[in-house]
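Fold and geometry: a report
Each chain, letter by letter, is given below.
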Amino acid sequence: MIDLENEAHEPVAQWQLRDHGPLDMAVRIQVGTVAGGWYVRHQGFGGRRFGDKTAAWQAVRGLMGQHDGRWERVEVDSAPFRVVCRPDGSRVLYDTHDDESLHAGWGRHKDERWAAYMAAMDAGETLRRTETHSLLEGAIELIRYRDPVEAAVRYAVSTAVEAGSDWRVVDHRERGPADAEYEHEVHANADPELPYRSSDMTDVPVSRRSRPPDGLSVLPSGEVGVTEDLRHLGLLPPRIIWPRTPAPAGPPRPVCGMTARPRDWGPKAVNVQDVTPVAWQEAVDPPPNHLALASLPDGRHLLASADDAVAEVWSTGDGRRIRTVSGHAEWVLSVALTVLPDGKVVLATGGKDGLARVWTTREGEPVAELTGHRGPVNALAWASPPGDVPWLVTGGDDATVRVWDVESERIRAAFEVGDRGVDLVWSVAAAVRSDGHVCVVAGVDDAARSTVYVWDATAGTTTHEFVFERAESGIRSPQVAVATLADRSLRVAAAAGGVVRVWDGHTGEVVRTFTVPGRGDGGVALAVLPDLRVAVAATGGRQTVVWDAESGAPLATVDHAGEGWRKPVALVARPDGALLLATGREGDTPARVLRVSPHW
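Residues numbered from 1 in each chain as written. Predicted model: local features only at pLDDT ≥ 70, side-chain atom pairs only at ≥ 80, totals over all residues. Heavy atoms only, no water.

What follows is about unusual backbone geometry. One can expect most non-glycine residues to show negative phi and most peptide bonds to be in trans. A positive phi angle is found at Ala-399, which is not glycine, with a value near 60°. Mapped onto the fold, Ala-399 is located in the loop between β23 (391-396) and β24 (400-405). The phi angle at Leu-532 is positive, at roughly 55°, despite the residue not being glycine. As for its position among the elements, Leu-532 is in the loop between β34 (524-529) and β35 (533-540). (Helix = DSSP H or I, 4+ residues; strand = E, 2+ residues; numbered from the N terminus.)

Time to look at the state of the cysteines. Going through the model one piece at a time under the given rule, you end up with 0 disulfides. As a non-bridged cysteine, Cys-439 has Cys-256 as the owner of its nearest cysteine sulfur, 14 Å distant. (Disulfide = S-S within 2.5 Å.)

Mapping Ala-120 onto the fold places it in helix α3 (residues 110-122). Residues Ala-120 and Leu-296, spaced 176 residues apart in sequence, show a C-alpha to C-alpha distance of 54 Å. Filtering out sequence-adjacent residues up to four positions away, Ala-120 remains in contact with Tyr-145, Arg-146 and Pro-148. (Contact = heavy atoms within 4.5 Å.)

What follows deals with the pairing of strand β9 (residues 153-162). If a strand is regular, its side chains alternate between the two faces of the sheet. Counting buried positions along β9 yields 8 of 10 residues, so the element is predominantly enclosed. When strand β8 (residues 137-146) meets β9, the two strands line up antiparallel, connected through 9 bridges. Within β9, the position partnered with Arg-146 by the bridge is Val-153. Counting the residues in the hairpin turn of β8 and β9 gives 6 residues, including Ala-151, whose phi is positive at 65°. The pairing of β9 with strand β10 (residues 166-172) spans 6 bridges and is classified as antiparallel. Directly across from Val-157, in β10, lies its bridge partner Val-170. Linking β9 to β10, which pair antiparallel, is a turn of 3 residues; within it Gly-164 sits at a positive phi near 90°. (Buried < 20%, exposed > 50% of the residue type's maximum accessible area, 1.4 Å probe, protein only. Pairing = 2+ DSSP bridges.)

Spelled out as structure tokens, the structure:
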């Protein structure tokens, strides 16, 4: 390549492309003399030196043959060549709103050449990043990459304010000018009505209801600061001290399958009592998106519900609203509760804004913010491995399931299940096995089939994969649950396409299959009963049914006044052998609550 901006040269002739395609540039080609020979410059391919006039004119004809259209001789003018390849050595690689770019000047083979540049940038290193508002899903990035044509290291500033419709890429020879252009782009595209989700520039406001960059936090005023400095100044709440789960009394034991075939006798009688608080029966709020139950050591039970804008924690005894938390930029899609060894309860929320947050239920303070997902967080689950802090499992539209250490806010394990936006993770569940490892289950749908994945998250390995085949098209929302038993076995349950299936989580054998009442997909939940039995609850249509998974006998059926799109359900076992069931439908705010007492 030749740098004509810094070398004496004399233009001789110039041509411009006419009648070109609608997405092409009106390319110019210039030929002239330079010390030691001739040169040819092209707006898309740059300039090269040639030893004699004949070679230069052959190059001109070859470059003209790269384009469709008609070439016309024009006056010599070097200014157009400085628009795309700037005097400072920077280049406009791509611009969706302007036909003056290298991409627009590459002629017939521009798509293949641009694909090589995109691959090179994907393989490069992102040095700086600002994410635009969640509605736009764009980003401004500074990327160090190796030019696939010249093999030189360059620094590209990629500005995609709105994903898929607004993209401009400019690259530089040196890091300094690239930094300046990156900061200019961030400032130029700042919009107070659509604030950035995150930025590494502390003087740029970001949404306090969305995620900040790593190491930085956003105050209610919108000001961004270093997290530890803000905590030291008392502007942020202190981190929670996470107690470790006590180690078991004995050594870890190997996981085993069911000790016997399913027993075919059910309970002698079942007492079902509606214990929904009166205040809930009279409420007119919207139905919940998701429900979660927690059993406290003192015998009380808490219920968490996800609403469109907030998450709430309730007492199932008197119906008191204990806490309301908000902080997601969009809908709250999922909730999960866990009881710590010191008796405190923490709440996790997953939002459409791609965030998972953790809160104290007593003060309603945020204590962790997890930012790994690139899409809605549809599902959450807790697990408490022995000798460790609780793990939070998250799954979402980006086809990933992530396992988090909530104390450090770092990922312990991550599992990919397909393509982002295609393979949607609708549900996750987790349990600690008898060997101390965490079992993670996920329900995934790709519009062709629903799949249940079972992993050993501690070892990072896959143990089972179950498929719900179906003839009809359309996206399902498969729901999953998992429970461990005292005999070292475990059960996995899933509901998809009108079917509920329970497997032996160790061998993968089917234990029972049930039909979900009504239309569509519903929620599913498991709870361990005495005598090594498991109860499974599922929802569909206007009914919720609880079965004994051993015998297949129904334990309770709940009729709802309305159906609704969301069909959340939660189930826990009480110390007295009864079950507490929470289920939500249209008109149930936040839920119907029933006590189910089987007598064997």
